[in-house]
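# Structure at a glance
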Amino acid sequence: MKKNMITGSKLWSIAMITSLLAACSSPATTSTTANAATSTTGTTKTVSVSEQTSVKYADLVSLDADDTNISWSEADSTAIKLNGTTATVTGSGAKAANGSVTITEAGTYVLSGELTDGQIVVNVADKGTVHLVLNGATIHDNDSAAIYIQKAGKAVITLEKGTKNTVSDGKTYVYADATTDEPDAAIFSKADLTFNGAGQLTITGNYNEGITSKDDLKIISGNIRVKAADDGIKGKDMIAIQAGTITVEAAGDGIKSTNDTDTTKGFVAIAGGTFDIQSGNDGIQAETALVTDGGTYNIVTAGGSANAPAKVEEGPFGGGGGGWGGGTPPTDMGTPPDGEPPADMPEMPNNSGTNAGANTNGATSSSANTTATTNTDTNADADTATTATESTSAKALKAGTDLTVNGGTYTIDSMDDSLHSNNNVTVNDGTFSIESGDDGIHADQELTINGGTITIAKSYEGLEGAIITLNDGDVDVTASDDGVNAAGGETETTANTAANTERATTATDTPTTSNISVTETTGTTSTTDQTSQGTDANQQGRGPGGMGAASNNEFHINGGTLTVNAGGDGLDSNGSINMTGGTVIVNGPTDSGNGALDYDGTFEISGGYLVAAGSSGMAQGTSDASTQNTIVMTFPATQKAGTLVHVQDSEGNNILTFAPAKDYQTVVVSSPDLVKDGSYVIYSGGTSTGKAVDGLYTDGTYSGGTQVVAFQSTSNVTWVNESGVTTANSGMGGPGGGRGQGGFGGGRNRTQSGTTSESTGTTDSAK
C-alpha cells in the first residue's frame, strides 16, 4: 500500500487581537430595588462574596508507586542498545526490526546509545505498566514519533541521573492513509504517561507537538527541554507537575490540557518546579481548572507585551473616537508614586510585531502515486475541538473554568492577559511581576485576591472582573486605561448562576465543591442593602434620558494595599464599590474624560484609608450612605505632579500628606480620623520630613505649604474648593462606554454625592 505523506513545515503566525475596549462605565437610572446578597439581570446572577478559596495540587492529583519509581537493575530489566539504524535487545519483551524496537510486554526497559532513524513502539495488550529508562539515549525518527506509546496501562519514562537524552522527529510524517493523523508528537502516548528521574531530556518536535498524551500526563521530576512547531507539552485529561526544571519554546501553547467533554478532566495542576516558557500562543492553558501551588515561572507569550495591538476606546455607538481621540492612550504616566524622578509609562505598542502567515500543518505531497492530503492543524486530537479563538490567544496563565494561585514567583511578559479565567480567578499568595499587552489579571466572573505581592508594571487594564474582591495582599497597578475595572459577567452560565445563588445563601463555614476539586470557602457574604442605590445624590444628572442602568458589577475592598496609576479611570465599577478596610492610593487620569473614581451605583466606605487624585471633569467622591467621612477637594487650577496636598484638623493632626505622581486638580480622601462637623485646613505645596510610600507620608512633620482653604465639614461627604464647602461636582463628559456595552452605556453626566450647602469656609491665601 502506498503511504500518504504529510509535511509538517509551518508558517508560524501570531494572530493579533483587535478588540474595542471601552474605558468608561454605563450610567445608572433611578432604582429602588433592594440588592442584599444577590443581583439578577435576566438569567445572570452575581454575588458579592468576600472569600478565601483553597484548591491545591493534592486535591486534584494522586500518585501511585509507578509514578515515583526510578529504580532499576540489570537483572530485572531488558537492555536496548541503540546503534545508528539498528538496535540490540538483551532480555525479553522487546524485538528490534527494520531500525525500530517494539515492546510487547510490561516491564522495565533501559535504553542507551543512538538511533538515527527509527522508533520505540510500546504495544502491550495486557495494559500493564511499561517503564522506559533513558540512560544516555538519543532517538530520532525522520517521519513519525520517536517514542510512540500505542497501548499500555501506563508508560513511565525515567531520566537516569547524570545522563543527557535527546528525542526528536522530522518535519514530515508518513501515515498509513489519509484518515490517519496520529501520532503527531516527538513523544506520543495513547496511555497515561509519567516522567520522573534526575536526568536531562531534550525534545524537539519538528512536525507538531513535543510531548502529547491522550490520557494523563504527569511530570514528577527531571530537567526537560522542549522545542515544538506547535504545542510544547500537551495532555488531554490532565497535566500534573510535581517538580522539575521545564523549558519550553513553542510556536503554539507552551503547556496545555485539552479535554473539553468531561468537566472532571482537562485541568493543569502544578505543585512546584522551575519554568521558562516562550510561546507563540498561551503559556500555560487549562481547558478547565488551572491550579499552581508554587514554583518559579518566567513566561513570555507572542513576543511579549510590546507586540500587543493598540487598543481603541468605543464611542457612543460602539465605534472609535471616544476617550483618547481615537484610542491612543496617554503615554506620560507621571512620576512614580514615591516621588522619584519621572518615568513614563511605556507606550501602547503598534502592530509592527504582527507575524503574517497561515497556521497550517503541512503542504500536500505532489507524488503522482500518493493521495494528496492537507492536514490543517487541530492539535491532531480528534477528541478535542479547537476553537478559532485559540489561535489568537496569547495569555500567560489561562483557565477555562477557575484559576487558583496558591504561591510561587511569576515573571510574565504577555501579549494578551497575564492571568485569565473564563470563570473565576483566586490569588491566595505569590509574587508577581507582570507586563501585559492587555489585562494584568482578568476573570470573566469573580476575581478574588487574598494575599501575595502583585506588581503590574504595564497593562491596558490592571484588574478586571465582574466582581472583584481584595481581602489582603499588596497590589500595585499601572494601566494605560482603567486601573481596576469591575465590568462584564453577563454571559454567566446557568450552572454558575445556581452555584453563586447557593453560595450567597449558605452559611460562610459551609465548604463548596466543584466538579474537579475540593474547594473550601470561608469569609463573609456582602448583604449591604442597596435599596437607595438609585436615589443617592450621586445618581442625579447622569445623562440625558438615562440611557443605561447600573449593572450588578461590584468591587469590594476589605484589606490589603492597592496602589493604582491609571491613564483612564483609577477605580471603575459598572455597578458599585464597597470598602471596609485596607489602604487604597489612586493616581488617576489627567484628562477630564475619566476620573480617579468612576462608579455607576454607589461607593460606600466604612473603613480603611482612601486617597484618589486626578482630573476634575469627571470626579466622584464616595456615597452619602457611607459611615466613614470623606473630603473631596477641587483646586482652582491643575497642580503639578509631586506637589504635596496636606489636610490637617483644627488641632494640627495630620489627616493626609500626599504627593500625587501626576498632575491633578481633585483629591478625594477618606480616613477613620475624619469626623462629621470637624474643622479642617487644606494646604498645597510645602515639604515633609517623613518617608513617602507610594507618595503617601505617614510620619514626619509637614511645613512650608500654602493654605488653600479652612472649613467645617457638614456631611458624610464634603465637597470643598478654594472658597470653602460647595456643591458636589456635576460634569457632562463624553459618552464613553463599558467594555462591550455599546450604545450610550457609559454616559458620564454625573452629580456627585455630598453636601449641597453654599460655600461656608474661609480662604487664607496669605499664609
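On a predicted model such as this, the values are computed, not experimentally measured, just so you know.

What follows deals with the overall build of the protein. Check the secondary structure of the protein and you find three helices and 65 strands. A buried classification covers 59% of the 767 residues belonging to the protein. Of all intrachain contacts in the protein linking residues separated by at least 6 positions in sequence, the fraction that spans at least 24 positions is 63%.

Attention shifts here to the pairing of strand β62 (residues 717-721). Among the five residues of β62, five are classified as buried, and the element is accordingly described as predominantly covered. Burial along β62 is two-sided: the residues Val717, Trp719 and Asn721 and Thr718 and Val720 are all buried. Note: strand β52 (residues 630-639) against β62, four bridges, orientation parallel. Along β62, the bridge assignment pairs threonine 630 with valine 717. Here β62 runs beside strand β63 (residues 724-726); their pairing, made up of three bridges, is antiparallel.

Summarising the element assignment, glutamine 639 is placed in strand β52. From its side chain, glutamine 639 meets the backbone oxygen of alanine 637 in a polar contact 2.9 Å long.

Moving on, we get to the packing of aromatic side chains. This model, assessed by the stated rule, comprises ten aromatic pairs. Centroid distance tyrosine 148 to phenylalanine 188: 5.8 Å. Interplanar angle 65 degrees. Geometry classified as edge-to-face. Of this pair, tyrosine 148 sits in strand β12 (residues 147-151) while phenylalanine 188 sits in strand β16 (residues 185-189), and the two are 40 residues apart along the sequence. Both residues of the pair, tyrosine 148 and phenylalanine 188, belong to the buried class. Their ring planes at 5 degrees and their centres at 4.7 Å tell us that tyrosine 410 and phenylalanine 432 sit as a pair that is stacked. Taken as a pair, tyrosine 410 in strand β33 (residues 409-414) and phenylalanine 432 in strand β36 (residues 431-436) lie far apart in primary sequence, 22 residues in all. Here tyrosine 410 falls in the buried class, since its relative accessible area comes to 0%. Given a relative accessible area of 1%, phenylalanine 432 falls into the buried group. Taken together, the aromatic side chains of Phe275, Tyr297, Tyr410 and Phe432 make up a single cluster linked through ring pairs.

Following the criterion strictly, the structure yields eleven salt bridges and no others. Between lysine 234 and glutamate 209 there is a salt bridge whose closest N-O contact spans 3.4 Å. With lysine 234 in strand β22 (residues 233-235) and glutamate 209 in strand β19 (residues 209-213), this residue pair connects regions lying 25 residues apart in the sequence. With a closest N to O distance of 3.0 Å, lysine 256 and aspartate 253 form a salt bridge. Of the residues examined, lysine 256 reaches a relative accessible area of 1% and is grouped as buried. Residue aspartate 253 is classed as buried on the basis of its relative accessible area, which comes to 2%. One continuous salt-bridge network, built from bridges that share partners, spans Asp64, Asp67, Lys154 and Lys218.

Bringing the nonpolar core into the picture now. Leu132, Phe195, Ile233, Ile284, Leu419, Leu562 and Leu571 are the most contacted members of the largest nonpolar core, which totals 102 residues. A total of five residues in this core trace back to one element, the largest contributor, which is strand β11 (residues 129-141). Contact partners of isoleucine 233, with chain neighbours within four places excluded, come to Ile211, Leu217, Ile219, Val226, Ile239, Ile246, Val248, Gly254, Ile255 and Lys256. Counting 24 residues, the second-largest nonpolar core is a separate cluster that includes Met633, Leu656, Phe658 and Tyr680.

Before going further, it helps to examine the environment of histidine 646. Residue position: histidine 646 is located in strand β53 (residues 645-649). Once residues lying within four places of it in the same chain are set aside, the contact partners of histidine 646 are Asn654, Leu656, Thr657, Val681, Ile682, Tyr683 and Tyr702. A polar atom in the side chain of histidine 646 sits 3.2 Å from the backbone oxygen of leucine 656. Within polar-contact distance, the side chain of histidine 646 engages the side chain of threonine 657 at 2.7 Å.

What counts as what
- Residues numbered from 1 in each chain as written.
- Predicted model: local features only at pLDDT ≥ 70, side-chain atom pairs only at ≥ 80, totals over all residues.
- Heavy atoms only, no water.
- Helix = DSSP H or I, 4+ residues; strand = E, 2+ residues; numbered from the N terminus.
- Buried < 20%, exposed > 50% of the residue type's maximum accessible area, 1.4 Å probe, protein only.
- Contact = heavy atoms within 4.5 Å.
- Pairing = 2+ DSSP bridges.
- Polar contact = N/O pair within 3.5 Å; in protein donor to acceptor, adjacent residues only side chain to side chain.
- Phe/Tyr/Trp six-rings, centres within 6.5 Å; stacked < 30°, edge-to-face > 60°.
- Salt bridge = Lys/Arg side-chain N within 4 Å of Asp/Glu carboxyl O.
- Core = buried A, V, L, I, M, F, W, Y, C linked by side-chain atoms within 4.5 Å.

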